[in-house]
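Descriptive structure summary
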Amino acid sequence: MLIKQERQEKLAEQRGQLSLQLNLLSEQKIAKLIGLIEELRQDIPNVKNRSDPEAEMMKSPTDPHAIINVLEETLASELANFSQQNTNLGVTKQA
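This write-up is about the structure you can find in this document. (Residues numbered from 1 in each chain as written. Predicted model: local features only at pLDDT ≥ 70, side-chain atom pairs only at ≥ 80, totals over all residues. Heavy atoms only, no water.)

Points about helix H1 (residues 2-43)
When the terminal C-alpha atoms of H1 are compared, their 62 Å separation across 42 residues agrees well with the 62 Å that a helix rising 1.5 Å per residue should span. Within the sequence span of H1, burial applies to Leu24, Ala31, Ile34, Gly35, Glu38 and Arg41. (Helix = DSSP H or I, 4+ residues; strand = E, 2+ residues; numbered from the N terminus. Expected span 1.5 Å × (residues − 1). Buried < 20%, exposed > 50% of the residue type's maximum accessible area, 1.4 Å probe, protein only.)

So this is what it looks like as structure tokens:
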């Protein structure tokens, strides 16, 4: 029973990692497409040239290292909160 649960947890973790990688790859492709469309829009003479700050921001893909850092910080924070809650529950039970 425990081996099956560990295997399921490992598979879930692998699926999560694969999902994150696919999302990052999709985000990079979308950022590239936005950049190409913006470039094309600027090159067409009969299209009014206008500034689009949102498109400018979206042209650059998200830094995967930044995402990993945020995920690690969030996980560390959640683990600290979980440990604190367990400590508080232990104190409450003993009182």
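Topic: the side chain of Arg41
With respect to the helices, strands and loops of the structure, Arg41 is situated in helix H1. Look at Arg41 and you get buried, because its relative accessible area is 12%. Looking at Arg41, its side chain comes within polar contact range of the side chain of Glu38, at 2.6 Å. Setting aside chain neighbours within four positions, we find Arg41 in contact with Val47, Lys48, Asn49 and Arg50. (Polar contact = N/O pair within 3.5 Å; in protein donor to acceptor, adjacent residues only side chain to side chain. Contact = heavy atoms within 4.5 Å.)

Some remarks on the environment of Leu36
By the secondary structure assignment, Leu36 is in helix H1. For Leu36, a relative accessible area of 42% corresponds to the partly exposed category. Remark: the alpha-carbon pair of Leu36 and Asn88, spanning 52 residues in sequence, is separated by 54 Å.

Looking at the pattern of salt bridges
The final tally for this structure, using the stated rule, is 2 salt bridges. Its salt-bridge partner being Glu38, residue Arg41 comes within 2.6 Å of it at the nearest N-O pair. Of this pair, Arg41 and Glu38 are both found in helix H1, 3 residues apart, which corresponds to roughly one turn of the helix. By relative accessible area, which is 7% here, Glu38 ends up buried. (Salt bridge = Lys/Arg side-chain N within 4 Å of Asp/Glu carboxyl O.)

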